[in-house]
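Spelled out, the chains give:
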Amino acid sequence: MAAIVRSGDTITAWAGASLARVSAFAQASGLAGLEFASGIPGTLGGGCAMNAGAYGGQLSDVLIDARMLLDDAVKTLTVEDMQMGYRTSLPLREGGIVISARFALTPDNPESIAERMRELNARRRDKQPLNRPSAGSTFKRPEGHFAGALIEQSGLKGYRVGGAQVSEKHAGFIVNAGGATAKDILTLIGIVQDEVLTRFGVHLETEVRILGED
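Just so it is clear, the model here is predicted, and its values are computed rather than measured. (Residues numbered from 1 in each chain as written. Predicted model: local features only at pLDDT ≥ 70, side-chain atom pairs only at ≥ 80, totals over all residues. Heavy atoms only, no water.)

*Asks:* Hey, could you run me through the sheet that holds strand β12 (residues 164-166) in this one?
*Replies:* Pairing between the strands of a sheet comes from backbone hydrogen bonds, and it takes one of two forms, parallel or antiparallel. Across the sheet, 4 strands lie side by side as β10-β13-β12-β11; this open sheet has antiparallel pairing. In the strand order of this sheet, the two ends are held by β10 (134-137) and β11 (160-161), each with one partner. For β12 and strand β13 (residues 173-176), the ladder comprises 3 bridges, and the chain directions are antiparallel. Considered in β13, the bridge of V166 is made with I174. (Pairing = 2+ DSSP bridges. Helix = DSSP H or I, 4+ residues; strand = E, 2+ residues; numbered from the N terminus.)

Here it is in structure tokens:
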């Protein structure tokens, strides 16, 4: 479930392929359009379901269609059928499972593509707490605001519950500062949501998917 193949200017990738591998394959093939995905952790399947994106790009920009298990049948959904929005899609809302996806990309010089990937990943290293374990950006961007700024303005940058900590580098990330448990992280998420709601009247919705809560 991790194969990646090329046909002309189209790439087909299966759900188990990492987004980093898919973007690296595209770069080596001289196909542009997936540079933004080179530093996003996770797999193609999850990325399609969440409409993963960064630095002005998202998978829906280049997606042609996706095969998935939906309503006990394998179906092919066009990008329009997928109803992709900010970190959401029809399969995510309906419990579908992505099997594979096709992307329409643009021919370009491989080194030019690689340079853009290096620039984006340098920006990530500069702004994000990549030195600490985390699940990535914890909260979705609320309309008209930035989650990290609201959290920082609430005085929570660096705030800890057990081993879980609001990152001191970027308040939009909750990191494992050492020995964090799921309970620590979930408790800290709740504290952040309550404080931001109290101060600014904004509810922070989690971008991370929380599974298996007691």
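*Asks:* I tried to follow the side chain of T12 on my own but got confused; where do I start?
*Replies:* For T12, the location among the structural elements is in strand β2 (residues 10-14). Contacts of T12, omitting those with residues within four sequence positions, involve A3, I4, V5, A101 and R102. (Contact = heavy atoms within 4.5 Å.)

*Asks:* Help me understand the nonpolar core in this model?
*Replies:* Soluble globular proteins tend to pack their nonpolar side chains together in the buried interior. If you look at the biggest cluster of nonpolar residues, it comprises 31 residues, and the most contacted ones within it are L34, L59, F103 and L105. Taken together, the elements giving at least two residues each to this core come down to β2, α1 (19-28), α2 (44-50), β6 (63-70) and β8 (97-104). Here this core takes 4 residues from β6, the largest share from any one element. Residues contacting F103, with those up to four places away along its chain left out, are D9, T10, I11, L44, C48, L59, V62, L63 and I64. (Core = buried A, V, L, I, M, F, W, Y, C linked by side-chain atoms within 4.5 Å. Buried < 20%, exposed > 50% of the residue type's maximum accessible area, 1.4 Å probe, protein only.)

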